[in-house]
Amino acid sequence: MSQGYAIELYFDPALENQVLKAWNVLARRQISTQLIEIESRPHITLFSSSFIEPAKLENIIKAFAAKQEPLALSFSSIGSFPIDNNVLFLAPTPSVSLLQFQSQLCEAMKKEGVEIGEEYRTDSWMPFCAVAQDVPKTRMAEAFCVLRDLKLPVAGYAMDIGLVEFSPVRELFSFVLGNTVEA
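- An unreviewed UniProt entry lists the protein under the name RNA ligase/cyclic nucleotide phosphodiesterase family protein, with Rubus argutus given as the organism.

## A word on helix H5 (residues 140-148)
Part 1 of the reasoning: What H5 keeps buried is the set Met140, Ala143, Val146 and Leu147. Here the buried residues of H5 occupy an arc of 120° about the axis, which is enough to place them on one side. Exposed side chains of H5 directed beyond 90 degrees from the buried face belong to Ala141 and Arg148.
Part 2 of the reasoning: Buried residues in H5 make contact with helix H1 (13-28), strand S3 (71-80), strand S4 (88-92) and strand S5 (129-132).

## Focus on the packing of aromatic side chains
Part 1 of the reasoning: Overall, the coordinates contain seven aromatic pairs when judged by the stated rule.
Part 2 of the reasoning: Between Phe89 and Phe128 the ring centres are 5.4 Å apart and the planes differ by 55°, which places this aromatic pair in the tilted class. Residue Phe89 is located in strand S4, and its partner Phe128 is located in the loop between helix H4 (96-111) and S5; the two are separated by 39 residues in the primary sequence.
Part 3 of the reasoning: Phe89 gets classed as buried once you look at its relative accessible area, which sits at 4%.
Part 4 of the reasoning: On the accessibility criterion, Phe128 (24% relative accessible area) is partly exposed.
Part 5 of the reasoning: Measuring from ring centre to ring centre gives 5.4 Å for Phe173 and Phe175, while their planes differ by 50°; the resulting arrangement is tilted. Across this residue pair, the class does not change: Phe173 and Phe175 are buried.
Part 6 of the reasoning: A network of ring pairs unites the aromatic residues Phe81, Phe89 and Phe128 as a single cluster.
Part 7 of the reasoning: Over the ring of Tyr10 we find Arg41; its NZ or CZ atom is 4.0 Å from the centre of that ring.

What counts as what
Residues numbered from 1 in each chain as written. Predicted model: local features only at pLDDT ≥ 70, side-chain atom pairs only at ≥ 80, totals over all residues. Heavy atoms only, no water. Buried < 20%, exposed > 50% of the residue type's maximum accessible area, 1.4 Å probe, protein only. Helix = DSSP H or I, 4+ residues; strand = E, 2+ residues; numbered from the N terminus. Arc of directions from axis to C-beta. Contact = heavy atoms within 4.5 Å. Phe/Tyr/Trp six-rings, centres within 6.5 Å; stacked < 30°, edge-to-face > 60°. Lys NZ or Arg CZ within 6 Å of the ring centre and 35° of its normal.

See below:
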């Protein structure tokens, strides 16, 4: 049974490998393995909802992706959210192009009648790439130290956009930015 759907922005192989390196170090130290276990893929979530028709989104995302170019990204800081599931993340350096990308996607979805939740609206969306979930509170400091050892910033490009169903994570489709051929 699906808990929801998310539109995710995926990275070029080199940037994806840098994020996977962080996942693997945290897993080897037995700090957090959840992202590996659920077979997630390094990404930035652009939109998420429990109430969505995947077939309706496919055409919106395909048309949107065809008009976009690969997007330069640089993850320059680490952080966590003050919520119960202790998520640690890499945060991209804020850029007008990333914010516009997400805003334009939401506008395209609104035109098709998709409701945009508060956390994905232009004035409140915060881009991040999760690197650990459910980190025990007693190991948060150690996890931060591990992530500080990453040589930040790590830079690359967002290359694909896709829709996943969760949980468990299952990619329904993805499209290469600037290309109308399926990835």
